[in-house]
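Spelled out, the chains give:
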Amino acid sequence: MTGFHLSGNVREPGSPREPEHFYHVSISFDRCKITSVSCSCDNRDLFYCAHVVALSLYRIRHAYQVELRLPISETLSQMNRDQLQKFVQYLISAHHTEVLPTAQRLADEVLLLGSEINLMHGAPDPTAGASIEDANCWHLDEEQIQEQVKQLLSNGGYYGASQQLHSMFSKVREMLRMRDSNGARMLILMTQQFLQDPRLALWRQQGAGMTDKCRQLWDELGALWVCIILSPHCKPEERAGWLQLLATWDKLDVCPLEEGNYSFDGPSLQPSAAPSPGPRQGEAEVTATRSRHTVFGRALQAGALHWKDAHLQRILASDSPSPSLTGSTGGDKPDFDPQGRPLWLGEPFPTACARVDTLRAHGYPHKALRLAGAIVNTLRLQQRHQLEIYKQQKKELLQKGITCITNTEGWMGHPLDPIGCLCRALLEACRLEEETLSLYPDSGTEKRKALYQHVPVPGSPGESYLALALEVALLGLGQQRPLPEGLYAQDKVVRNEEQLLALLEDVDLDDRLVQVLRKQAGLQLEGGPFSGFGEVLFRESVPMHTCARYLFSALLPHDPDLAYRLALRAMRLPVLETAFPAGDPRPNPLDSIVSSRFPRWFILGHLETRQCELASTMLTAAKGDAKWLHVVLVSIQQNIHSPALLFKLAQDACKTATPASTPPDTTLLGIALELGLQVMRMTLNTMTWRRREMVRWLVSCATEIGPQALMNIMQNWYSLFTPVEAATIVAVTGTAHATLLRLQLDTPQQEELWTCARTLALQCAMKDPQNCTLPALTLCEKSHAAFEAAYQIVLDAAAGGLGHAQLFTVARYMEHRGLPLRAYKLATLALAQLSIAFNQDSHPALNDVLWACSLSHSLGRHELSAIVPLIIRSIHCAPMLSDILRRWTLSAPGLGPLGARRATKPLGTDRAPLCQLLDAAVTAYITTSHSRLTHISPRHYGDFIEFLGKARETFLLAPDGHLQFTQFLENIKQTYKGKKKLMLLVRERFG
């Protein structure tokens, strides 16, 4: 070790596959700080490599084994000329390839009388350390930091990159806490790289917002700059330099703007605040246009703040400052509350909390706690005054139905995160153990639950920092506040609430904390326009569902009545309650509310889900308590407007009510059914793929309750289901074998249920015969009277809307049931509605027509004779007619398995009724031929010749068929003699 320079060789042990390595390490230090390092390993990282750490620890642990030498300049001063010459020559000889050019250059300058090196006294000595005036700071590899941040930003889409950048911010905070000036240097380097991110310009050109992960990084960057600018110990020139940098960055076009409509000059903390009437319910809030504010705006504003206020210094200097001649307890701006506890008034609450965060960040935890205590005292005093003011105006406000908003901006989701800063400062003082801070935390490591204990607040008997943290969190979460503008700002509100509640979940509630919960819950319920749990809500207030769910679960074991009152009050979602003026039709409940009715409420779907979770929590907790179950049901029906969420609630309630090992809770089952019925009514006139699932579940739920519930939904099907749903799902599932087994009904009860289902089926068939006649017939098979009634409905509907396809389907069903005459009757009704043109060879009804013809042929000559006129009237397609004709000539009528009469031989085409069908087929071929020849193209000549071949086969079925076909061909040749090529083909094929 020479002067202030330590060097050494570090051996890295080898492994079976790798040999051992030696690394040369050099370390310079000054006033207990390492100012520069070098290592032959060439590892580049934010931290010192393992070899630098090893050498440093060796020097610390074995100080007496490391020989201490004077700085090299002192050694040189002891040498004479010959010794100096020998020293220099040996040095050059040992490193001639490295230092010879430098040695020659320096020698030339020394020999030149007027050179700069000869005008200076003495010479530099790297081992002698810096002078007292020189700045000293820990070694920081600036180039490596810039490269690493650039690389991580380029991988911004990956979770690991975002986590590492957050860890680098944590490193900055660690440096600030250690009073390391590199903290600001590192943040400057990171900020420069952030501003050089090429995505910023791209997002600006496209008019698109940055990703959430990137926005969160910028938020943290801005908050860190506030901490640095507000530093209580920095030099004025340092702050001026930082502010100049921030002002330059602030003017850049690519500098991101602050999200949300938060003001920069918000209301200051005051001992009281009177509510100002806001817009009436249903009126929109008009937001004033604000100037451009970037993420650095808060830090620039912090440049005007200072720590010189006498009362502020008094708060920071003592755990229990007391009123004196200079500190008052009254007036417009008192310094102490009536109990003599310090207050901090006169600046916005987020700014006051930023001071607390700054003190923590810069290593002043006790001062941060003192200021946090004064802010909590101020919030308490303000809350008491607000309650007094509201009590005086309560009657008037409730009578007028005026909503008031006294908090123009919320504390949750605020860019400075005031509630989070205050809570973390207070909770930190109560931690039982410190968890190690890792720059790159292992995602696989299980997070340990934090443990807290009560730590007394000095000067406030009976108070603890843990209780204060809980109180502050509830004040922030319960604040009535408008939803901010912008998707990210709204997401941030939700995220901050969840992060704060996650902190509270780690706190084990004892009697002292339960008392805080009960007190704050009561104050919130009575808080009027100041509280999100108050009786009157501003239309666009942030809902309290998430906070209420935590409070409900925490209070339920200790004060159930208060827990339910609070949760029921929080079920409101006023933006939905006031969105539909009187007389306006309510929109389709399955439409996208976010995009149509509420373009500013980007997170409405998320808020509705949280509302549903609160309701589900209450339903589960109220199991077995009929009183609260019905109260919760009424609240759900009044406040939840999403059918999908109501259906989920119904499913959850049914599942909770029917555990596997204990008897079902009939009251909760009834509520599940009631919610399901509400969903059915809401979605009756909408098309959704989930309707079938909903209907099946409702039948299942009614089955769990009993046969009467099942029959009730069958009897009231008209207001709940479509005819198709009622006939194909409700009636069928309700009478299925599994359902009957589940209900364990005796024979009379089963018959009663069947009768109800048949009545439903008949009603559905009358309402929608096109889709419900076949299901109705199927359900009524076991009752002759009901089956006859269903059959009559089919006959009546045939004349008024029941199409041929449905009639053929029912006819085939009748044949399958062994009722061929009824099948024949329905088939003739279907044929009467049918019309198949000459060119419809592949008509969808082709198979049905052939089946009807086969049925009539099997019944006998009489039925066949009766259907022939219908065939001739309905079918004009020649190939189809000839196909039917051939099928009928293959066997005698009435020989099929259903035939009632038997003939001795097949029918001939020269006698009725087949002669009429043959004439119709011949006529159809002649008509079709002329129609096709009118617009025929050469590429279709071959098809036409084949068509004539089939026509000849049909002509030849007649006694004079050959003559008729010859005359037909001659007519074609004369009429279309201009089509010479085609006529040539005709002659070649037919002569």
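Calculation rules
- Residues numbered from 1 in each chain as written.
- Predicted model: local features only at pLDDT ≥ 70, side-chain atom pairs only at ≥ 80, totals over all residues.
- Heavy atoms only, no water.
- Helix = DSSP H or I, 4+ residues; strand = E, 2+ residues; numbered from the N terminus.
- Contact = heavy atoms within 4.5 Å.
- Areas by Shrake-Rupley, 256 points an atom, 1.4 Å probe, with all protein chains shown as cover.
- Expected span 1.5 Å × (residues − 1).
- Buried < 20%, exposed > 50% of the residue type's maximum accessible area, 1.4 Å probe, protein only.
- Arc of directions from axis to C-beta.
- Patch = residues over 30% accessible without salt bridge, like charges linked within 9 Å, V, L, I, M, F, W, Y side chains within 5 Å.
- Salt bridge = Lys/Arg side-chain N within 4 Å of Asp/Glu carboxyl O.
- Polar contact = N/O pair within 3.5 Å; in protein donor to acceptor, adjacent residues only side chain to side chain.
- pLDDT = per-residue confidence, 0-100.
- Phe/Tyr/Trp six-rings, centres within 6.5 Å; stacked < 30°, edge-to-face > 60°.
- Lys NZ or Arg CZ within 6 Å of the ring centre and 35° of its normal.
- Disulfide = S-S within 2.5 Å.
- Axes fitted to C-alpha atoms, helices over the stretch in contact; angles between N-to-C directions.
- Parallel < 35°, antiparallel > 145°, perpendicular 65-115°, else oblique.
- Left-handed = near helix turned anticlockwise from the far one by under 90°.
- Nonpolar A, V, L, I, M, F, W, Y, C, P; charged D, E, K, R; others polar.

### Some words on the overall build of the protein
Part 1 of the argument: Each helix and strand counted, the protein has 43 helices and 5 strands in total.
Part 2 of the argument: The contacts of the protein with a sequence gap of at least 6 include a subset with a gap of at least 24, amounting to 71%.
Part 3 of the argument: Total accessible area on the protein stands at roughly 49400 Å², and carbon and sulfur atoms take up 54% of it.

### Points about helix α1 (residues 50-61)
Part 1 of the argument: With 12 residues, α1 extends 16 Å from end C-alpha to end C-alpha; this agrees with the ideal 16 Å at 1.5 Å per step.
Part 2 of the argument: Residues of α1 that are buried include every one of His51, Val52, Leu55 and Ser56, and no others. When α1 is viewed along its axis, its buried side chains cluster within an angular range of 135° and face the same direction. Turned more than 90 degrees from where α1 packs its buried face, Ala50, Ile60 and Arg61 sit exposed.

### Focus on a nonpolar patch on the surface
Part 1 of the argument: Where nonpolar side chains cluster on the molecular surface, the patch consists of Ile72, Phe87, Val88 and Leu91 and spans about 300 Å² of accessible area.
Part 2 of the argument: Per-element accounting of the nonpolar patch gives the leading share, 3 residues, to helix α3 (residues 81-94).
Part 3 of the argument: Given the relative accessible area of 33%, Phe87 is considered partly exposed.

### Regarding unusual backbone geometry
If a residue is not glycine, its phi is most likely negative; likewise, a peptide bond is most likely trans.
Part 1 of the argument: Even without a glycine there, the phi angle at Asp417 is positive, about 45°.
Part 2 of the argument: If you trace the backbone, Asp417 turns up in the loop between β5 (402-404) and α16 (418-428).
Part 3 of the argument: The buried category is assigned to Asp417, whose relative accessible area is 17%.
Part 4 of the argument: One non-glycine residue, Gln744, lies in positive phi territory at about 55°.

### Some thoughts on the pattern of salt bridges
Close approach of charged atoms allows side chains of opposite charge to pair.
Part 1 of the argument: One pass over the full model with this rule turns up 40 salt bridges.
Part 2 of the argument: Across the salt bridge formed by Asp561 and Arg565, the nearest N and O atoms sit 3.4 Å from each other. Of this pair, Asp561 and Arg565 are both found in helix α21 (residues 560-570), 4 residues apart, which corresponds to roughly one turn of the helix.
Part 3 of the argument: With relative accessibility at 39%, the residue Asp561 sits in the partly exposed group.
Part 4 of the argument: Across the salt bridge formed by Arg758 and Glu751, the nearest N and O atoms sit 3.2 Å from each other.
Part 5 of the argument: Assessed through its relative accessible area of 9%, Arg758 is described here as buried.

### Some words on the side chain of Ser531
Part 1 of the argument: Inspection of the secondary structure puts Ser531 in the loop between α19 (511-525) and α20 (545-555).
Part 2 of the argument: Its relative accessible area of 2% is what places Ser531 among the buried residues.
Part 3 of the argument: Only 2.7 Å separates the side chain of Ser531 from the side chain of Gln524, close enough to count as a polar contact.
Part 4 of the argument: Here the side chain of Ser531 touches Phe533 through a polar contact of 3.0 Å, landing on its backbone nitrogen.

### Quick notes on the environment of Pro124
Part 1 of the argument: Following the sequence through the fold, Pro124 ends up in the loop between α5 (116-119) and α6 (142-154).
Part 2 of the argument: Between the C-alpha atom of Pro124 and that of Ser73, which follows or precedes it by 51 residues, the distance is 8.4 Å.

### So, helix α14 (residues 349-361)
Part 1 of the argument: Its 13 residues give α14 an end-to-end C-alpha distance of 18 Å, which sits within 8% of 18 Å, the value for a rise of 1.5 Å per residue.
Part 2 of the argument: Two residues or fewer past α14, Gly363 is found with a positive phi of approximately 85°.

### Considering the environment of Cys423
Part 1 of the argument: Residue placement: Cys423 occurs in helix α16.
Part 2 of the argument: On the basis of relative accessible area, Cys423 is assigned to the buried category, the value being 1%.
Part 3 of the argument: In this structure, the C-alpha to C-alpha distance between Cys423 and Glu471, residues 48 residues apart in sequence, is 9.1 Å.

### Structural notes on the confidence of the model for the protein
Part 1 of the argument: Residues at a pLDDT of 70 or more form 88% of the protein, whose mean pLDDT is 85.
Part 2 of the argument: Counting interchain partners and residues more than four positions distant, the pLDDT-below-50 stretch residues 274-290 has 38 contacts.
Part 3 of the argument: Confidence over residues 435-445 falls short of pLDDT 50; this stretch has 14 contacts with residues more than four positions distant or in other chains.

### Comments concerning the packing of aromatic side chains
Part 1 of the argument: Applying the stated criterion across every chain, the model contains 16 aromatic pairs.
Part 2 of the argument: Aromatic pair Phe965 and Phe990: ring centres 5.6 Å apart, planes at 70°, arrangement edge-to-face. Highlighted residues: Phe965 in helix α42 (residues 961-975) and Phe990 in helix α43 (residues 980-990), separated in sequence by 25 residues.
Part 3 of the argument: For Phe990, a relative accessible area of 13% translates into the label buried.
Part 4 of the argument: It is Arg817 that lies over the ring of Phe787; its NZ or CZ is 5.1 Å from the centre.
Part 5 of the argument: Over the aromatic face of Tyr791 sits the side chain of Arg822, whose NZ or CZ is 4.3 Å from the ring centroid.

### Here's the deal with the environment of Arg495
Part 1 of the argument: Mapping Arg495 onto the fold places it in helix α18 (residues 487-505).
Part 2 of the argument: Judged by relative accessible area, which is 18%, Arg495 ranks as buried.
Part 3 of the argument: Separated by 82 residues in sequence, Arg495 and Gly413 have C-alpha atoms that sit 7.7 Å apart.
Part 4 of the argument: Those residues within four positions of Arg495 in sequence are excluded, and the remaining contacts are Gln216 and Tyr488.

### Looking at the side chain of Thr191
Part 1 of the argument: By the secondary structure assignment, Thr191 is in helix α8 (residues 182-195).
Part 2 of the argument: Looking at Thr191, its side chain comes within polar contact range of the main-chain oxygen of Leu187, at 2.6 Å.
Part 3 of the argument: When neighbours within four sequence positions are excluded, Thr191 is seen to be in contact with Leu221, Trp225, Trp249 and Phe296.

### Thoughts on the state of the cysteines
Part 1 of the argument: By the definition in use, this model includes 0 disulfides.
Part 2 of the argument: With no disulfide of its own, Cys353 lies 6.8 Å from the sulfur of Cys421, the closest cysteine sulfur.
Part 3 of the argument: By relative accessible area, which is 0% here, Cys353 ends up buried.
Part 4 of the argument: With no disulfide of its own, Cys764 lies 5.2 Å from the sulfur of Cys772, the closest cysteine sulfur.
Part 5 of the argument: Since its relative accessible area comes to 0%, Cys764 is described here as buried.

### Things to note about the packing of helix α26 (residues 643-657) against helix α27 (residues 666-682)
Part 1 of the argument: Running from N to C, α26 and α27 cross one another at 160°; their axes reach a closest spacing of 8 Å. In terms of orientation, α26 lies roughly antiparallel with respect to α27. Judged by the sense of rotation from one axis to the other, the crossing of α26 with α27 is left-handed. Residues Pro643, Leu646, Phe647, Leu649, Ala650, Ala653, Cys654, Thr656 and Ala657 of α26 pack against Leu668, Leu669, Ala672, Leu675, Gly676, Gln678, Val679 and Met682 of α27.
Part 2 of the argument: Per-class residue counts for the contact of α26 with α27 are 14 nonpolar, 3 polar and no charged.

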